[in-house]
Amino acid sequence: MSSPSTEITASAVEERLRAELIDLGVEDDAISAAAKFDSLDIDSLDVADLMAMVVKEYGVEIPRSELADVTIGQLVERIVAGASH
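Residues numbered from 1 in each chain as written. Predicted model: local features only at pLDDT ≥ 70, side-chain atom pairs only at ≥ 80, totals over all residues. Heavy atoms only, no water.

1. Describing the confidence of the model for the chain
Argument step 1. When pLDDT is averaged across the chain, the result is 88; 92% of the residues are at 70 or more.
Argument step 2. No element of the chain has a lower mean pLDDT than helix 2 (residues 44-58), which averages 92, and none a higher one than helix 1 (residues 10-23), which averages 95.
Argument step 3. Contacts from residues 1-5, a stretch scored under 50 in pLDDT, to residues over four places away or in other chains number 0 contacts. (pLDDT = per-residue confidence, 0-100. Helix = DSSP H or I, 4+ residues; strand = E, 2+ residues; numbered from the N terminus. Contact = heavy atoms within 4.5 Å.)

Encoded structure:
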């Protein structure tokens, strides 16, 4: 009966998303909590890869259709809220 030793925090999730977005070719200075996904110049395949990582690492599934007007900060909040359930 062990509990996960790593608490999922907003800052940890934000850093993980930042790293993934940089791997996908997004410029570091374009990534902020207020940046919207549709302004990051990533294609739908990149978004699918990002969401697959979110599901794999946090167990949170967010439909791509809901990401069009979502900021990185809002996504972080949803991941932290969803992962804590």
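2. Considering the nonpolar core
Argument step 1. Ranked by size, the top nonpolar core spans 23 residues in total, and within it Leu17, Leu21, Phe37 and Leu75 carry the most contacts.
Argument step 2. A total of 6 residues in this core trace back to one element, the largest contributor, which is helix 2.
Argument step 3. Dropping the residues within four chain positions of it, Leu21 is found in contact with Val26, Ile31, Phe37, Leu40, Ile42, Leu50 and Ile72. (Core = buried A, V, L, I, M, F, W, Y, C linked by side-chain atoms within 4.5 Å. Buried < 20%, exposed > 50% of the residue type's maximum accessible area, 1.4 Å probe, protein only.)

3. Here's the deal with helix 2
Argument step 1. For helix 2, built from 15 residues, the straight-helix expectation of 21 Å at 1.5 Å per residue is met to within 8% by its first-to-last C-alpha distance of 20 Å.
Argument step 2. Every buried residue of helix 2 is listed here: Asp46, Val47, Leu50, Met51, Met53, Val54 and Tyr58. In an axial view of helix 2, the angular spread of the buried residues amounts to 150°, which keeps them on one side of the axis. Pointing more than 90 degrees away from the buried face of helix 2 are the exposed residues Ser44, Leu45 and Lys56.
Argument step 3. Turning to helix 2, the residues buried within the fold contact helix 1 and helix 3 (72-83).
Argument step 4. Its side-chain oxygen 3.1 Å from the backbone nitrogen of Leu45, Asp43 forms the N-cap of helix 2.
Argument step 5. Two residues or fewer past helix 2, Gly59 is found with a positive phi of approximately 70°. (Expected span 1.5 Å × (residues − 1). Arc of directions from axis to C-beta. Polar contact = N/O pair within 3.5 Å; in protein donor to acceptor, adjacent residues only side chain to side chain.)

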